[in-house]
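Spelled out, the chains give:
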Amino acid sequence: MANTDQDPASNTIKDPADWTTGDEPATGAQQSYLHTLASEAHEDVPEELTKAEASQRIDELQEKTGRGQ
């Protein structure tokens, strides 16, 4: 069984603000998942999000909806 705990010093998980592609437009997959989560959370999703913004919003909505746990 794989260890799912992440080493806090590990560089495998980066803050979206530090992504080199973070300022590019959100991917189609991000947009689709965001709209699914937003629908479940009864929230709106702003258009024209960057990859980094979309990732952060996904994290927020996953917490709110209980998905991704």
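Residues numbered from 1 in each chain as written. Predicted model: local features only at pLDDT ≥ 70, side-chain atom pairs only at ≥ 80, totals over all residues. Heavy atoms only, no water.

**Student:** Mind showing me how you'd approach unusual backbone geometry here?
**Tutor:** Most peptide bonds adopt trans geometry, and most residues besides glycine take a negative phi value. The residue His42 is not glycine, and still its phi comes out positive at about 55°. Assignment of secondary structure puts His42 in the loop between helix 1 (28-41) and helix 2 (51-65). The phi angle at Glu48 is positive, at roughly 60°, despite the residue not being glycine. Relative to the helices and strands, Glu48 resides in the loop between helix 1 and helix 2. (Helix = DSSP H or I, 4+ residues; strand = E, 2+ residues; numbered from the N terminus.)

**Student:** Explain helix 2 here, please?
**Tutor:** The α-helix advances 3.6 residues per turn, and as a result positions three or four apart in sequence lie on the same side. Here helix 2 is 15 residues long and its end C-alpha atoms lie 21 Å apart, about the 21 Å a rise of 1.5 Å per residue gives. Summarising the contacts, the buried residues of helix 2 are in contact with helix 1. Where helix 2 terminates, the next one or two residues include Gly66, which has phi positive at roughly 85°. (Expected span 1.5 Å × (residues − 1). Contact = heavy atoms within 4.5 Å.)

**Student:** Would you mind going over the nonpolar core with me for this structure?
**Tutor:** If you look at soluble globular proteins, the nonpolar side chains tend to sit buried side by side. Formed by Ala26, Leu34, Leu37, Ala38, Ala41, Val45, Leu49, Ala54, Ile58 and Leu61, the largest nonpolar core amounts to 10 residues. Going through the elements one at a time, helix 1 and helix 2 are the ones with two or more residues in this core. With 4 residues, the top contributor of residues to this core is helix 1. Discounting chain neighbours no more than four positions away, the residues touching Ala41 are Leu61, Lys64 and Thr65. (Core = buried A, V, L, I, M, F, W, Y, C linked by side-chain atoms within 4.5 Å. Buried < 20%, exposed > 50% of the residue type's maximum accessible area, 1.4 Å probe, protein only.)

**Student:** Please explain the environment of Leu49 as it appears in this structure.
**Tutor:** The residue Leu49 is located in the loop between helix 1 and helix 2 in this model. Residue Leu49 is classed as buried on the basis of its relative accessible area of 14%. A C-alpha to C-alpha distance of 8.8 Å links Leu49 and Asp23, two positions 26 residues apart in sequence. Leu49 has contacts with Pro25, Ala26, Leu34 and Ala54, leaving out every residue within four places of it along the chain.

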